[in-house]
Amino acid sequence: MSDETLNGYRQSIDNIDAALVFLLAERFKVTKAVGRYKARAGLPPADPGREEEQIARLRGLADDAQLDADFSEKFLRFIIDEVIRHHERVREAE
């Protein structure tokens, strides 16, 4: 049985998911370059002040977008933690 309305929603979801994957890939490409720069410059892998600024900024954006700010913070924290792990690995390899 075909449900055109449901199929249309699912197509949109699939497109959004694909866009998210490409956005994350681009973000991690840049943050990996940051990690290499930090390692060469002797900077620490983490920047807690910057992280807190970003979380506060994105919580505000989430509120503006009517997205659960707690969810957005958890999502961003997951990304930040992964970036820090990448930076630590790069620093150890240098």
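Refer to the structure presented above.
Treat the numbers as computed from the prediction; the structure is a model and nothing was measured.

Caption draft 1: Seen up close, helix 2 (residues 48-64). Compared with an ideal rise of 1.5 Å per residue, which puts 17 residues at 24 Å, helix 2 spans 24 Å between its outermost C-alpha atoms and is within 8% of the ideal. Buried within helix 2 we find Glu51, Gln54, Ile55 and Ala62. Along helix 2, the residues classed as buried sweep out an arc of 100 degrees about the axis, all on the same side. In helix 2, the exposed residues that point more than 90 degrees away from the buried face are Glu53, Asp63 and Asp64. On its buried face, helix 2 sits against helix 3 (69-93). Glutamine 66 sits one or two residues past helix 2 and shows a positive phi near 60 degrees.

Rules behind the numbers
The residue numbers shown here count from 1 along each chain, following its written sequence. Local features are withheld for residues below a pLDDT of 70 in this predicted model, meaning they are given only at 70 or higher, and side-chain atom pairs are given and counted only at 80 or more; totals for whole chains, interfaces and linings count all residues. The side-chain values count all of the structure's non-hydrogen atoms but skip hydrogen atoms and water molecules. Secondary structure is summarised from DSSP: a helix means a run of H or I of at least four residues, a strand means a run of E of at least two, and numbering begins at the N terminus for each. Expected span of a helix: the number of residues minus one, times 1.5 Å. Exposure is judged per residue with a 1.4 Å probe applied to protein chains only, and the accessible area is read against the type maximum: over 50% gives exposed, under 20% gives buried, and values in between give partly exposed. Read the arc as the range of directions from the helix axis to the C-beta atoms. Working rule for contacts: check all heavy atoms of both residues, and any pair within 4.5 Å makes them a contact.

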